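# Chain and residue survey
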Amino acid sequence: MIMRISRGLAPLAAGFALLHMAAAAAQQAGLHVTVIDQHLPQSGEAPGYEVRVDNAAIGLHMRQRLAGGRQARFEPLPTTGRYRVSAWALDEAGGSVALDDLQLRSGEVRAVQLLLRPAPLEEVQVSARRAGALANRLNAEVAASLDSTALAALPIAGRDALTSLVRMPNVAWSTGFFPEAPPVSINGANGLYINYLLDSIDNNENFLGGQKFPVPLGVVQQATVLANNFSSEFGRSANGIVNFTTRGGTNERQREVYGQFRPGRPIDSPSRFRQRDLSGNAVSDDFSREQYGVTVSGPMRKDWTHYLLNLEYTDESNAYLLDSPILGLLRSIPGRNRYALGSLRLDQRVSALWAATLRAHLGRIALERPGGGLGGGNVTFPSAGSAQDRDSSLLALTMGRRGSRYDYELVAQFSRFDWNYARPSQAGPQFVLRDESGLPIAVLGNPGFVFDSREKSAQFGHKLSWQSGNHRLKLGAEFLQHEFSLAGGGNPNGNFTLDLTADEVALLGNTSGTSLPTIAEIVAFDPLVANYAVELRPARFGVPQRLWAAYAEDEWHPDERWTVTAGVRWDKDSLSGAGSGREDKDNFAPRLAVNFRPDQLNVMRAGIGIFYDKLTYAVISDALQRNSDSVGLRSQLQQLIALGALPADTTIDRVLFPGNLTVNPACLRITECPSGSEVALLREQFASNEIRIKNPSGYENPYSVQIMLGWQRELANELLFSVDALFNRSLHLVRLRDLNAPAPFAANLAALTPQIVAQLQSLPDNAARLTLAHELGLVRTPAEADASRPVAIVPGGARQITVSETAGTSTYRALTLRLTRPLQPGAVGIDLAYTLSKLENDTDDINFRAADANDFTADYGPSANDRRHALSLVGTISPRAGWEVTVAALLQSGQPINFVPDGRIFGTQDLNGDGMSFGENYLGNSDRYPGTGRNSGRLPWSSNIDVGLRYNRALGKGSARLSVDIFNLLDSNNWSGFANAATTSNQIQFGGGVQPVQRNAGARRQFQIALDYSF
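Residues numbered from 1 in each chain as written. Predicted model: local features only at pLDDT ≥ 70, side-chain atom pairs only at ≥ 80, totals over all residues. Heavy atoms only, no water.

### What to know about the overall build of the chain
For the chain, the count of helices and strands is 14 helices and 52 strands. Here the C-alpha coordinates of the chain stretch approximately 105 × 65 × 60 Å along the principal axes. The buried share among the 1015 residues of the chain stands at 60%. Accessible surface for the chain amounts to roughly 37,800 Å². Of this, 59% is attributable to carbon and sulfur atoms. Taking the 96 positively charged and 100 negatively charged side chains of the chain as two groups, their mean positions are separated by 5 Å. (Helix = DSSP H or I, 4+ residues; strand = E, 2+ residues; numbered from the N terminus. Buried < 20%, exposed > 50% of the residue type's maximum accessible area, 1.4 Å probe, protein only. Areas by Shrake-Rupley, 256 points an atom, 1.4 Å probe, with all protein chains shown as cover. Lys, Arg positive; Asp, Glu negative; His and termini not counted. Charge placed at Lys NZ, Arg CZ, Asp CG, Glu CD.)

### Some remarks on the pairing of strand β42 (residues 829–841)
Alignment of strand β41 (residues 798–821) against β42, held across 12 bridges, turns out to be antiparallel. Looking at β42, one finds that arginine 813 is bridged to lysine 838. Relative to strand β43 (residues 861–862), β42 runs antiparallel, the two sharing two bridges. What sits directly across from asparagine 841, in β43, is glycine 861. (Pairing = 2+ DSSP bridges.)

### Topic: the packing of aromatic side chains
As enumerated under the stated definition, the model contains 25 aromatic pairs in all. Ring centres of phenylalanine 414 and phenylalanine 460 lie 5.7 Å apart, and the angle between their planes is 80°; on these two criteria the pair is classed as edge-to-face. You can see phenylalanine 414 sitting in strand β25 (residues 406–424) and its partner phenylalanine 460 sitting in strand β28 (residues 449–468), a full 46 residues away along the chain. With relative accessibility at 34%, the residue phenylalanine 460 sits in the partly exposed group. Taken together, a centroid distance of 5.3 Å and an interplanar angle of 25° make the contact between phenylalanine 431 and phenylalanine 496 stacked. Of this pair, phenylalanine 431 sits in strand β26 (residues 430–434) while phenylalanine 496 sits in strand β30 (residues 495–499), and the two are 65 residues apart along the sequence. Members of the aromatic cluster, each reached through a chain of ring pairs, are Phe178, Phe207, Phe417, Trp419, Tyr421, Phe449, Phe451, Phe484 and Tyr617. (Phe/Tyr/Trp six-rings, centres within 6.5 Å; stacked < 30°, edge-to-face > 60°.)

### Digging into the sheet that holds strand β15 (residues 220–228)
Paired through their backbone hydrogen bonds, the strands of a sheet run either parallel or antiparallel. Read across the sheet, five strands follow the order β9-β15-β16-β13-β14 without closing on themselves; strand pairing throughout is mixed. For this open sheet the edge positions go to β9 (142–147) and β14 (201–202), each flanked by a neighbour on one side alone. Where strand β13 (residues 195–198) lies against β14, two bridges are found, and the strand directions are antiparallel. By the bridge assignment, leucine 198 is partnered in β14 with isoleucine 201.

### A few points about helix α7 (residues 631–643)
The end-to-end C-alpha distance of α7, which contains 13 residues, comes to 19 Å, matching closely the 18 Å that a straight helix rising 1.5 Å per residue would cover. Looking at the residues trailing α7, positive phi occurs at glycine 644, about 85°. (Expected span 1.5 Å × (residues − 1).)

### Considerations on the state of the cysteines
This model, assessed by the stated rule, comprises one disulfide. The disulfide partner of cysteine 667 is cysteine 673, and the gap between their sulfur atoms is 2.0 Å. One disulfide, between cysteine 667 and cysteine 673, carries an S-S torsion of 75° and so falls in the right-handed class. For cysteine 667, a relative accessible area of 15% puts it in the buried group. (Disulfide = S-S within 2.5 Å.)

### Focus: the sheet that holds β30
Taken in spatial order, the five strands of this open sheet run β27-β26-β30-β31-β37, and their pairing is mixed. With partners counted over all chains shown, the strands left at the sheet margins are β27 (440–444) and β37 (662–663), one partner each. In terms of strand pairing, β26 meets β27 through four bridges, oriented antiparallel. Residue arginine 434 lies in a different strand from β27, and its bridge partner there is proline 440.

### Concerning the nonpolar core
Core analysis: the biggest nonpolar cluster contains 43 residues, and Leu165, Met168, Val184, Val225, Val242 and Phe244 have the highest contact counts within it. Those residues in contact with valine 225, other than ones at most four positions away along the chain, are Val142, Ala143, Ala144, Leu165, Met168, Val171, Ile186, Ile241 and Val242. Counting 28 residues, the second largest nonpolar core, distinct from the first, contains Leu329, Ile333, Phe431 and Ile670. (Core = buried A, V, L, I, M, F, W, Y, C linked by side-chain atoms within 4.5 Å. Contact = heavy atoms within 4.5 Å.)

### Re the pairing of strand β49 (residues 958–967)
Here strand β48 (residues 942–955) runs beside β49; their pairing, made up of nine bridges, is antiparallel. Looking at the pairing, arginine 950 lines up with serine 963 of β49. Taken together, β48 and the strand that follows it, β49, pair antiparallel across an intervening segment of two residues, in which glycine 956 is found at a positive phi of about 65°. Here β49 runs beside strand β52 (residues 1006–1014); their pairing, made up of nine bridges, is antiparallel. By the bridge assignment for β52, arginine 961 is matched with aspartate 1012.

### A closer look at the side chain of aspartate 965
Examined against the element boundaries, aspartate 965 turns out to sit in strand β49. For aspartate 965, a relative accessible area of 4% gives the class buried. Only 2.8 Å separates the side chain of aspartate 965 from the side chain of arginine 950, close enough to count as a polar contact. Contact partners of aspartate 965, with chain neighbours within four places excluded, come to Pro155, Ile156, Val947, Gly948, Leu949, Arg950, Gln1006, Phe1007 and Gln1008. (Polar contact = N/O pair within 3.5 Å; in protein donor to acceptor, adjacent residues only side chain to side chain.)

### Observations regarding unusual backbone geometry
Omega for the bond connecting glutamate 75 with proline 76 falls within 30 degrees of zero, at 0°, which places this linkage in the cis form. Counting through the fold element by element, proline 76 comes out in strand β4 (residues 71–78). The backbone of asparagine 187 shows a phi angle near 55°, a positive value even though the residue is not glycine. Tracing the sequence through the fold places asparagine 187 in the loop between β12 (184–186) and β13. Exposure remark for asparagine 187: the relative accessible area of 3% places this residue in the buried category. At histidine 732, a position not held by glycine, the phi torsion is positive, near 60°. The residue histidine 732 is located in strand β40 (residues 720–738) in this model.

### Brief notes about the pattern of salt bridges
Here the structure, examined in full by the defined rule, presents 56 salt bridges. Taking the shortest distance from any N to any O, the salt bridge between aspartate 389 and arginine 423 comes out at 2.6 Å. With aspartate 389 in strand β24 (residues 386–402) and arginine 423 in strand β25, the pair connects residues that are 34 residues apart, well separated along the chain. On the basis of relative accessibility, which here comes to 35%, the residue arginine 423 falls in the partly exposed class. Between aspartate 724 and arginine 605 there is a salt bridge, with its nearest N and O atoms 3.1 Å apart. Of the two residues, aspartate 724 is situated in strand β40 and arginine 605 in strand β36 (residues 602–612); the sequence distance between them amounts to 119 residues. Like arginine 605, aspartate 724 is buried. (Salt bridge = Lys/Arg side-chain N within 4 Å of Asp/Glu carboxyl O.)

### Points about a nonpolar patch on the surface
Residues Val257, Val294, Leu309, Leu311 and Phe1015 make up a contiguous nonpolar surface patch of roughly 370 Å² in combined accessible area. Residue position: leucine 309 is located in strand β21 (residues 305–324). (Patch = residues over 30% accessible without salt bridge, like charges linked within 9 Å, V, L, I, M, F, W, Y side chains within 5 Å.)

### Description of the environment of alanine 223
Looking at the secondary structure, you find alanine 223 in strand β15. Linking alanine 223 and lysine 212, residues 11 residues apart in sequence, is a C-alpha distance of 16 Å. Setting aside residues no more than four positions away along its own chain, alanine 223 makes contact with Ala144, Ser145, Leu146, Leu151, Ser164, Leu165, Met168, Asn243 and Phe244.

### Here's the deal with the environment of serine 936
Along the chain, the position of serine 936 falls in the loop between α14 (920–923) and β47 (937–938). For the pair serine 936 and glutamate 535, spaced 401 residues apart in sequence, the C-alpha to C-alpha distance is 40 Å. Contact partners of serine 936, with chain neighbours within four places excluded, come to Ile897 and Phe899.

### Here we look at the packing of helix α10 (residues 754–762) against helix α11 (residues 766–775)
Following both chains from N to C, one finds α10 and α11 inclined at 150°, their axes separated by 8 Å at the closest point. By the angle between their directions, the pair α10 and α11 is classed as roughly antiparallel. Every residue of α11 that contacts α10 at Gln759, Leu760 and Gln761 is listed here: Arg769, Leu772 and Ala773. Grouping the amino acids of the contact of α10 with α11 by side-chain chemistry returns three nonpolar, two polar and one charged. (Axes fitted to C-alpha atoms, helices over the stretch in contact; angles between N-to-C directions. Parallel < 35°, antiparallel > 145°, perpendicular 65-115°, else oblique. Nonpolar A, V, L, I, M, F, W, Y, C, P; charged D, E, K, R; others polar.)

### A short note on α11
Among the residues of α11, Arg769, Leu772 and Ala773 are the ones counted as buried. Angularly, the buried residues of α11 cover 100° about the axis, an arc narrow enough to put them on a single face. Across from the buried face of α11, at angles greater than 90 degrees, the exposed residues are Ala767 and Glu775. Turning to α11, the residues buried within the fold contact α10 and α13 (903–906). The backbone nitrogen of alanine 767 lies 3.2 Å from a side-chain oxygen of the residue at the head of α11, namely aspartate 765. (Arc of directions from axis to C-beta.)

Take a look at the structure:
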């Protein structure tokens, strides 16, 4: 861990040097101020006003005099600290007002209105805390934010800022497609399609799409979700954007230390289902977590230079069970996860026009898989254990100028993300030992696969904006490059599946005694080899991804009640040309938003626009890693071109690549099995189950057409009520097509009677069930399916020849009602949101393929993350001085159920005989139970109530805060409504609409205790 942290210090040192070489603009925001003079009619002649913006925390003081107008704009502004906005009428009647305690987010222009009442010039009337600043009076952006006050009050597990987002409308816990997938979904879509930003700058690991740097709570000033109709300045997502605004230092020196603990059992409620750690991997009831951190901030030079340093360390403990009854072994194996996260931010005011910010983030994460597992029957020995490393380094620098005529901003960021998914405990072959029943009794020697990804990124952006009459114009350009390198594939030392006789099993147990079997003992037995797999090409390879973007936007104010924002954005993704050499260059995305303010309390909004997505690099990486350039595959492709399954202008050399190749040579004993180098000479003799090629037509970038209508009204006591109706139509979504798919197969539904099902279940084994099911026309054999494929399987070729295509579609409809009152110390806050929504699609993921014969029309149905009803309530009260209680409740309708065939009925899950694709390791079996549609069932509703208790009191020269968080207060047993992996979710069920079987659950009641001290 220490060595891996030290590798990230060089970029930080370079960053300190850059700070003294360049003037950088802090994370940018803005204020648009409208002055409403009550003693003048709307159309009356204004006497002139002075508008002031003050941020005492960083020593920022600005003013504008308005001669005849009632609107002022202050942009760009730093996001650090809280703002006071005031206005003075420059006439004898006078009038003055101020808004206090405004916190800005990165990339936001906040529109506020100041209501002037007659008063002496020297007297400022301070309005309610945020009255006039609640509604969106500028555009049609559908967004929600949690500021630092709300984040401090919320119960948040493990200080993971990302999980706080489920308290916002249009956001829900996600069913992902691998354990570490992002735990949240926006608008019901795949969480991998979210664009993650840190101070409006990229924070995506673009291999699959999650965060590079896992943002901890100690760095966040504001968490924001842009769900629909956002500015042309934001792109690279057809779904939604998550933007974290970081904290910065102020003129006040501050120190904070904390310790946070999840003690686990016996305080937590027991559960017979697996829970998840911060990384998304399964944990046992014995799981516990310790977290420690420190934050220091303050001025290096008052009003000019400020710093903030945040360091956080997390240590998770888990107990895995090695359980091999046949060998007489039952042993607990401890495992640990370690997270070390560091962030540094420096802000520098260089002059009246220029300001500066440098940010550096360093993350080092090591997740242990020491062997064993959770529950019984786990036979992975420590020698086959592994660790997952996720290392991130980000260095961001921005340059900006605030002037009287124009504003300018330059962004530069350099980052790196190293992801070794299975760092082995030891090198060498893997041995899977089976007894005479065919069940594994031990796995030892090696994890059996390799996935070691490296990603280096550079990002540059320019933005220029200026005022021209009642128009605010903005031009921008961006460039983002990712350099990828992946070492992947199977085990070059070989993976052996070995069948032991009863005597060998008994001898192995006696020889081992209380110790674990060794590889030397296994080799000495030299048992029968049931299967031998060896990787022939353990290479490292990758291609760069280059993303270009340009945008223009005009914010037009025809009068003080109307704002019309018209913009266009253009994006280009170099990955779109893979396989064809023709990149997708026509991605023009016009956007229009209208904001109408009929009076001081109401806002009407409407927006329509096109939003393009980038391509996830895994689409291309899979087409490299799982590809081949064999003679046999070339002959198959030539036939597919002749049959019209591939375009006539396909250039075969463009779509092929010598990727990883795992083959299965025949051998009887370990000592007789050839090495990988010996087998490599026979490579062309082996046919693969699946080879994936690059698309000869290239790829279209996915996009969505988004339409929204909304109304907001400011009520008394700082309450804001809003209604938003959303419609998204998405096209060119990624999915898989089998170019060599067998003919369609329809099961004989007439034969699937309850009597026949009972008869099939009563048969003694799967072979007998499969035979009868085939006779009844319920199952097609793989041989029959292969015989109907367009081209025959040949040595060096493949059974399935898959390709990623961008032809998927989805439709999202939603109605959101929200009532909010900002959370604030010592007062009552509320956030009540209800969303009625529906998302249907014909692809959920880049590895999604049709259940049968590429018939995606039959697969159109609810998304895996579709939730028709979602109700979120967050309320905070202060029952007495120093005490604060937050209740966060989440009530959701159940997620969809996909019914799949049951092998205990049909003898197999592959009813149409088309075989399993690589992607189904993440999605579950794509075949469906006969007569059922995709995701045609529903799980029960989920309900969850979390409580946060805070007690604050002065202690010494500072203040201490004791926090107790209780998650799932009522100890509900939830079948859905929590982050989960698709292959382990309750959403995959056997049978045709029968009562579902629960095999997973949301977290039962848990406790988290924290102690903070600030001084």
